[in-house]
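Secondary and tertiary structure notes
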Amino acid sequence: MALEIRPYREEDLAGMLKVWNEVVEGGEAFPQIEPLTLEKAAEFFAAQTLSVVADLDGKVMGLYVLHPNNVGRCAHVGNASYAVASSVRGLGLGRALVEDSLAQAARKGFRGLQFNAVVAGNAGAIHLYEDLGFVRVGTVPGGFVNFMGGYEDIHIYYRDCVDTRRPC
């Protein structure tokens, strides 16, 4: 199994779209409701500070996007979203993507990474983020509506990218 984490290329868009939309349509992790079209995906991924793919044996099986969490005086804190194809979850692609995003966030000048809406039921993501040094800084009760229409809590996570004791 050959895994390469790299910036996306235009020829990756169809694979990225498939992975992204699988997570959106699953209705358990991303806030988006409508899947992307190829045209919208091209615009979306190009507009990010950085869009990266997990290329597994020549096929896009995961990705992340990195961008400012907010504008202006808050733009020094980054935000990222991760998606891994369900068929390869548990193989370490998510960890590789998050680790790469931490390194890239620091290179891009972000002082930290903040995740605004980690669904409480997403145990795999929570375990991964906490294992990589992210700290839960808050919870929004019922902040996420899942695919069944049920309300779930969302957690806000943060990790510093400046602290030299644990740099990104």
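Below is a short write-up of the structure. Values in this document were obtained by computation on a predicted structure and should not be read as measured data.

Describing the overall build of the chain
- Regarding its fold elements, the chain presents 4 helices and 7 strands.
- The secondary structure elements of the chain, listed N-terminal to C-terminal, are β-α-α-β-β-β-α-β-α-β-β.
- The C-alpha radius of gyration of the chain comes to 15 Å, within 12% of the 15 Å expected for a compact globule of 168 residues.
- Here the C-alpha coordinates of the chain stretch approximately 40 × 35 × 35 Å along the principal axes.
- Residues counted as buried form 39% of the 168 residues belonging to the chain.
- Taking the intrachain contacts of the chain between residues at least 6 apart in sequence as the baseline, contacts between residues at least 24 apart amount to 61%.

Here's the deal with the side chain of Asn21
- Note on placement: Asn21 falls in helix α1 (residues 13-26).
- A residue is classified by how much of its surface remains accessible, and Asn21, at 10% relative accessible area, is buried.

Digging into the environment of Val88
- Inspection of the secondary structure puts Val88 in the loop between β4 (77-84) and α3 (93-107).
- Spatially, the C-alpha atoms of Val88 and Leu113 are 25 Å apart, while their sequence positions differ by 25 residues.
- Leaving out residues up to four positions away in the same chain, Val88 has contacts with Leu56, Met61 and Leu93.

Considerations on the sheet that holds strand β7 (residues 151-160)
- One open sheet holds the 7 strands; their spatial order is β1-β2-β3-β4-β5-β7-β6, and the pairing between them is mixed. The open sheet terminates on both sides in strands that have one partner only, identified here as β1 (3-7) and β6 (135-145). Within this sheet the neighbouring strands show an average axis-to-axis angle of 25°, counted without direction.
- Here strand β5 (residues 112-119) runs beside β7; their pairing, made up of 6 bridges, is antiparallel. The residue bridging Phe115 from the neighbouring strand is Tyr157, located in β7.
- Packed onto the sheet, α1 meets β2 (50-56), β3 (59-68) and β4 and runs at close to 75° relative to β3.

The rules behind these values
- Residues numbered from 1 in each chain as written.
- Predicted model: local features only at pLDDT ≥ 70, side-chain atom pairs only at ≥ 80, totals over all residues.
- Heavy atoms only, no water.
- Helix = DSSP H or I, 4+ residues; strand = E, 2+ residues; numbered from the N terminus.
- Rg over C-alpha atoms; globule rule 2.2 N^0.38 Å.
- Buried < 20%, exposed > 50% of the residue type's maximum accessible area, 1.4 Å probe, protein only.
- Contact = heavy atoms within 4.5 Å.
- Pairing = 2+ DSSP bridges.
- Axes fitted to C-alpha atoms, helices over the stretch in contact; angles between N-to-C directions.

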